[in-house]
Amino acid sequence: MRVALSFPTAVFSFLLIVVVGYWIVVITGISDLEGDAPWLGFGGVPTGITISLLVALAWLLTLIGSQFAAGPLLWAVPVLALGGAWLATRVLIAPLRRLVPDGPQPSRGDFVGQRCVIRTGRATPDFGQAEVTAADGSSAVVQVRTTGQDRLTRGQTALIFEYDADGEFFWVMPYESEQ
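A short tour of the structure in this document, coming up. It should be emphasised that the depicted structure is a prediction, and the values quoted were computed from it without experimental measurement.

### Notes on the side chain of R145
Part 1 of the reasoning: Tracing the backbone shows R145 in strand 4 (residues 139–146).
Part 2 of the reasoning: D126 provides the closest opposite charge to the buried, salt-bridge-free R145, at an N-O distance of 6.2 Å.
Part 3 of the reasoning: From its side chain, R145 meets the backbone oxygen of D126 in a polar contact 3.3 Å long.

Printed below as a string of structure tokens:
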């Protein structure tokens, strides 16, 4: 305890307390892991992860360095530890970049405004399924409902105009293509 709260380790001990507080906030759901840290070569992984790793490694290297340095060399330990932590963080986050998806995640809302083809015998206000093609070329069979008196039959093209999150279905209407 004495070593963690004495110079030079104390420089990073207080930052480590901030990092632990940050992760408590993330775990409780008050905050979310978002954002990227492209500065200093830390792009592709959320900022919270990279800063936490950087601070933890700098603290550990300072703790180790303070055991081997004495006198005036003790002042160089935090600087050297920060440089070593930066290099180690760059190496450690490289494999993490592959685990973090690039760009926004697809959602059901992406289908709104798309055409679909009815795949069940009929689509009514109470029942129906349709096949819709996503922007990436993949297709999905989704639950659809019509409004009012619209009745769609198998093979008809419809337009998805809204998603009902509570019912987990899409509202559709007949679509007449202009040819």
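### Focus on helix 1 (residues 10–28)
Part 1 of the reasoning: In this model helix 1 runs 27 Å from its N-terminal to its C-terminal C-alpha over 19 residues, within 8% of the 27 Å that 1.5 Å per residue would give.
Part 2 of the reasoning: Among the structural elements, helix 2 (47–68) and helix 3 (77–97) are those in contact with the buried residues of helix 1.
Part 3 of the reasoning: Immediately beyond the C-terminal end of helix 1, within one or two residues, lies G29, with a positive phi of roughly 90°.

### Considerations on the packing of aromatic side chains
Part 1 of the reasoning: Scanning the entire structure with this criterion turns up five aromatic pairs.
Part 2 of the reasoning: Ring geometry for F7 versus W75: centroids 4.5 Å apart, planes at 45°, classification tilted. Placement of the pair is F7 in the segment before helix 1 and W75 in the loop between helix 2 and helix 3, with a sequence separation of 68 residues.
Part 3 of the reasoning: The exposed category is assigned to W75, whose relative accessible area is 62%.
Part 4 of the reasoning: Aromatic side chains Y163 and F170 sit 4.8 Å apart centroid to centroid with 50° between the ring planes, which places their arrangement in the tilted category.
Part 5 of the reasoning: Judged by its relative accessible area of 3%, F170 is buried.
Part 6 of the reasoning: An aromatic cluster is built from F111, Y163 and F170, whose rings are joined through pairwise contacts.
Part 7 of the reasoning: Residue placement shows R145 over the ring face of F169; its charged tip is 5.1 Å from the ring centre.

### A few points about a nonpolar patch on the surface
Part 1 of the reasoning: There is a patch of nonpolar side chains on the surface, built from M1, L5, F14 and I17 and spanning about 510 Å² of accessible area.
Part 2 of the reasoning: Secondary-structure assignment places F14 in helix 1.

### Considerations on the packing of helix 1 against helix 2
Part 1 of the reasoning: Where helix 1 meets helix 2, the axes come as close as 9 Å, and the angle between the chain directions of the two elements is 145°. For helix 1 against helix 2, the interelement crossing comes out left-handed. Residues F12, S13, L15, L16, V19, Y22 and W23 of helix 1 touch helix 2, and the partners they reach there are G48, I49, S52, V55, A56, A58, W59 and T62.
Part 2 of the reasoning: Tallied by class, residues from the contact of helix 1 with helix 2 come to eleven nonpolar, four polar and no charged.

### Describing the nonpolar core
Part 1 of the reasoning: Core analysis: the largest hydrophobic core is formed by 13 residues, its most contacted members being C116, I118, V144, I160 and V172.
Part 2 of the reasoning: Aside from chain neighbours lying at most four places away, what touches C116 is A130, E131, V132, Q156, T157, A158, I160 and V172.
Part 3 of the reasoning: A4, L54, A58 and I93 belong to the second largest nonpolar core, which has ten residues in total.

Rules and cut-offs
Residues numbered from 1 in each chain as written. Predicted model: local features only at pLDDT ≥ 70, side-chain atom pairs only at ≥ 80, totals over all residues. Heavy atoms only, no water. Helix = DSSP H or I, 4+ residues; strand = E, 2+ residues; numbered from the N terminus. Buried < 20%, exposed > 50% of the residue type's maximum accessible area, 1.4 Å probe, protein only. Lys, Arg positive; Asp, Glu negative; His and termini not counted. Salt bridge = Lys/Arg side-chain N within 4 Å of Asp/Glu carboxyl O. Polar contact = N/O pair within 3.5 Å; in protein donor to acceptor, adjacent residues only side chain to side chain. Expected span 1.5 Å × (residues − 1). Contact = heavy atoms within 4.5 Å. Phe/Tyr/Trp six-rings, centres within 6.5 Å; stacked < 30°, edge-to-face > 60°. Lys NZ or Arg CZ within 6 Å of the ring centre and 35° of its normal. Patch = residues over 30% accessible without salt bridge, like charges linked within 9 Å, V, L, I, M, F, W, Y side chains within 5 Å. Areas by Shrake-Rupley, 256 points an atom, 1.4 Å probe, with all protein chains shown as cover. Axes fitted to C-alpha atoms, helices over the stretch in contact; angles between N-to-C directions. Left-handed = near helix turned anticlockwise from the far one by under 90°. Nonpolar A, V, L, I, M, F, W, Y, C, P; charged D, E, K, R; others polar. Core = buried A, V, L, I, M, F, W, Y, C linked by side-chain atoms within 4.5 Å.

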